[in-house]
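Okay, here's what each chain looks like letter by letter:
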Amino acid sequence: MIKKVKSIIAVLVLMLTMLIPVKAVNAEDTLAFTKPITIGGTISETLYSSATNAKYTFSLKRSGTLTVQLGFKEGSGYSWGYLGGITLYDRDGKKIERTEIRDNSDGTDSQAFTVDILAGDYYLYVDTKANDSHPSYIVITTAYVDSNETIVDELTFPHDS
C-alpha cells in the first residue's frame, strides 16, 4: 500500500513539473547594467560576453523629436557580421523604433533613427553579439528637439475647465 502511494505521488510530482513553465533565457537576461542616460549627449561603453546588453532609461517632460545613433567602434564583435542594435521602448515595454548594425567597413559602423514621441518615460535597449575575445565598443549619441506641444507638469487635471 505504501509503495503504491509513493509511486502515485512520484507520478503526480512528475506531471506537475511538466505543467510548470520553465523560464526561457532571453536577451534581457544578460543585461550588463540599467542606468539613466542624458538626452542630448554621447556616451561610450564596452560590453563583454558575460553581459552583452545594456538598458538606458530616460524621461521627457515634453513631446518632441528624438534622434538616436548607435555606433560600434572598430574591433567590436565579429568582422563582417551582425554587431548589434538599439531599440526604443516606452515604459510599458512597447517597441517604438529599432535599428541594427552590421560590420561593413573600417572604423566605426553606425546607424540612427529619428522618431516623434510624446512626453513620458522610455528606455533604450542595446543588444550586441560580443564575446570574450570580441567585446563590443559602443557609442550612443542622442539629440532631441522639443515640439513645444505637451508639457507633463501641465496635465495634472486635463479635463477641468
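Look above for the structure.
All figures in this text were calculated on a predicted structure; none of them were measured in a lab. (Residues numbered from 1 in each chain as written. Predicted model: local features only at pLDDT ≥ 70, side-chain atom pairs only at ≥ 80, totals over all residues. Heavy atoms only, no water.)

## Here's the deal with the nonpolar core
We count it as follows: In these notes, a set of buried Ala, Val, Leu, Ile, Met, Phe, Trp, Tyr and Cys residues joined through side-chain atoms within 4.5 Å is what counts as a nonpolar core. Relative accessibility decides the category of a residue: with a 1.4 Å probe and only protein chains considered, values under 20% of the type maximum give buried, values over 50% give exposed, and everything between is partly exposed. In this description a helix means any DSSP run of H or I spanning at least four residues, a strand means any run of E spanning at least two, and both kinds are numbered starting from the N terminus. Contacts: residue pairs with any heavy atoms within 4.5 Å of one another.
One finds Phe 58, Leu 88, Leu 124 and Ile 140 to be the most contacted residues of the largest nonpolar core, which totals 23 residues. Within the residue set of this core, elements represented by two or more residues are strand S3 (53-60), strand S4 (62-72), strand S5 (82-90), strand S7 (109-117), strand S8 (120-128) and strand S9 (136-151). Residues within four places of Phe 58 in sequence aside, it is in contact with Ile 37, Ile 39, Leu 66, Leu 88, Gly 120, Asp 121, Tyr 122, Tyr 123 and Leu 124.

## Side note on the packing of aromatic side chains
Short version of the rule: Working definition: rings of Phe, Tyr and Trp (its six-membered ring) pair if their centres are within 6.5 Å, and the pair is stacked with planes under 30 degrees apart, edge-to-face with planes over 60 apart, and tilted otherwise. A ring is considered to have a charge above it if a Lys NZ or an Arg CZ atom is located within 6 Å of its centre and within 35 degrees of its normal.
Taken as a whole and judged by the stated rule, the model has three aromatic pairs. Considering the side-chain rings of Phe 58 and Tyr 122, the 5.7 Å spacing of their centres and the 25° angle between planes classify their relative orientation as stacked. Here Tyr 122 lies in strand S8 and Phe 58 lies in strand S3, a separation of 64 residues in the sequence. Arranged with centres 5.0 Å apart and planes meeting at 20°, the rings of Tyr 89 and Tyr 123 form a pair that is stacked. Separated by 34 residues along the polypeptide, Tyr 89 in strand S5 and Tyr 123 in strand S8 bring together distant segments of the chain. Tyr 123 shares its class with Tyr 89; the two are buried. The ring centre of Phe 33 lies 4.5 Å from the NZ or CZ of Lys 35, which sits over that ring. One cation-aromatic arrangement involves Lys 55 over Tyr 123; the distance from NZ or CZ to the ring centre is 4.3 Å.

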